[in-house]
Amino acid sequence: AQKITQTQPGMFVQEKEAVTLDCTYDTSDPSYGLFWYKQPSSGEMIFLIYQGSYDQQNATEGRYSLNFQKARKSANLVISASQLGDSAMYFCAMRERGGTASKLTFGTGTRLQVTL
Amino acid sequence: NAGVTQTPKFRVLKTGQSMTLLCAQDMNHEYMYWYRQDPGMGLRLIHYSVGEGTTAKGEVPDGYNVSRLKKQNFLLGLESAAPSQTSVYFCASSWAGANSYEQYFGPGTRLTVT
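The structure presented is a predicted model; accordingly, all values stated were derived computationally and were not measured. (Residues numbered from 1 in each chain as written. Chains lettered and ligands numbered in written order. Predicted model: local features only at pLDDT ≥ 70, side-chain atom pairs only at ≥ 80, totals over all residues. Heavy atoms only, no water.)

Some thoughts on the state of the cysteines
Condition: Only a pair of cysteine sulfur atoms within 2.5 Å counts as a disulfide in this structure description. The way it works is that DSSP assigns letters per residue, a run of H or I at least four long becomes a helix, a run of E at least two long becomes a strand, and they are numbered from the N terminus. Burial here depends on accessible area, computed with a 1.4 Å probe over protein chains only, as a share of the maximum for the residue type. Under 20% is buried, over 50% is exposed, and the range in between is partly exposed.
Per the counting criterion, the structure on display carries 2 disulfides over all chains. Shown here is the disulfide that connects C23 of chain A with C92 of chain A, its sulfur atoms set 2.0 Å apart. For the disulfide bridge between C23 of chain A and C92 of chain A, the dihedral angle about the S-S bond is near -60°, and by the sign convention the bridge is left-handed. Residue C23 of chain A is located in the loop between β3 (19–21) and β4 (24–25), and its partner C92 of chain A is located in strand β10 (residues 88–96); the two are separated by 69 residues in the primary sequence. Here C23 of chain B is linked by a disulfide to C91 of chain B, with a sulfur-sulfur distance of 1.9 Å. An S-S torsion of about -75° defines the bridge between C23 of chain B and C91 of chain B as left-handed. Pair noted here: C23 of chain B is in strand β3 (residues 19–25) and C91 of chain B is in strand β9 (residues 87–94), with a separation of 68 residues, a long-range link. Each member of the pair, C23 of chain B together with C91 of chain B, is buried.

Now the structure itself:
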């Protein structure tokens, strides 16, 4: 079963508007972490934001916020005031506590295109 | 601080050839990882290491071997390359322990097997 699901292969948003990128996850581990990474066309993976399963408040980092709904197992990324430089692939990833290392499981990504 | 570096950046191999990808990190991280990224499939974990001298299999380990002889280096080997191994390979590293520690990624290696 897929552990991380990103159902939007591509999204468009106008500059200065807000956009939500969806992510749902599946785990039976009560302790887990959710990450969002940005991959611009240059190819590098850039960490954006983290949400822990026990965190009471939604994570925020500048223009990025995470809409964490634990009961629905969703961790959507909200980008406010979109900029042209936000055009990139965005990956949601989950890290589970079980095992000997903190391995990440990635979704298939959403390609965001910011337009004028 | 160079962070995570990967060598080489690009490589073309013929089927059956072998090669080694080198990953180096200067952040004193305990954990290191190798991922592959194929179109439409996100990143998938190949092998990982929780410390010097230790390695373990990830989600897609077949056809690859790894070694971690020094804490700062993590090598990925292809003994007999196949076209199905055409992909972009990413190395990453992180601190041990808490779930909150993000993984730091290298710039990637684009490998083509003909």
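Concerning the nonpolar core
This is how it is decided: To form a nonpolar core, buried Ala, Val, Leu, Ile, Met, Phe, Trp, Tyr and Cys residues must be joined to one another through side-chain atoms within 4.5 Å. Residue contacts are counted whenever heavy atoms from the two residues lie within 4.5 Å of one another.
Membership of the largest hydrophobic core comes to 24 residues, with the highest contact counts inside it found for Y25, L34, W36, I49, L77 and Y90 of chain A. Elements with a contribution of two residues or more to this core: β3, β5 (32–39), β6 (46–52), β8 (64–69), β9 (74–79), β10 and β12 (110–115) of chain A. The greatest single-element share of this core, amounting to 4 residues, is contributed by β10 of chain A. Once residues lying within four places of it in the same chain are set aside, the contact partners of Y90 of chain A are Q6, L21, W36, Y37, K38, L48, L77, I79, G109, T110 and L112 of chain A. Counting residues in hydrophobic clusters, the runner-up holds 20 residues, among them C23, C91, L111 and V113 of chain B.

Things to note about the interface of chain B and chain A
In plain terms, the rule: Here the buried area means the combined drop in accessible surface, using a 1.4 Å probe, for two parts upon being joined, counting both sides. A pairing counts as a salt bridge when a side-chain nitrogen of Lys or Arg comes within 4 Å of a carboxyl oxygen of Asp or Glu. Whenever a nitrogen or oxygen atom comes within 3.5 Å of another N or O atom, the pair is scored as a polar contact, on the condition that within protein one atom can donate a hydrogen and the other can accept it, and that pairs from neighbouring residues in sequence are kept only if both atoms are in side chains. Residues are grouped as follows: nonpolar covers Ala, Val, Leu, Ile, Met, Phe, Trp, Tyr, Cys and Pro; charged covers Asp, Glu, Lys and Arg; every other residue, Gly included, is treated as polar.
Every contact between the two is made by 21 residues of chain B and, on the other side, 22 residues of chain A. When chain B packs against chain A, close to 1800 Å² is buried across both sides, 53% of that on carbon and sulfur atoms. If you look at where chain B meets chain A, you find 0 salt bridges. Counting the contacts that link chain B with chain A gives 2 residue pairs in polar contact (both at pLDDT 80 or more). Elements supplying a minimum of two residues to the side of chain B that touches chain A: β4 (31–37) and β5 (43–51) of chain B. When the residues that make up the side of chain B that touches chain A are grouped by side-chain class, the tally is 13 nonpolar, 7 polar and 1 charged.

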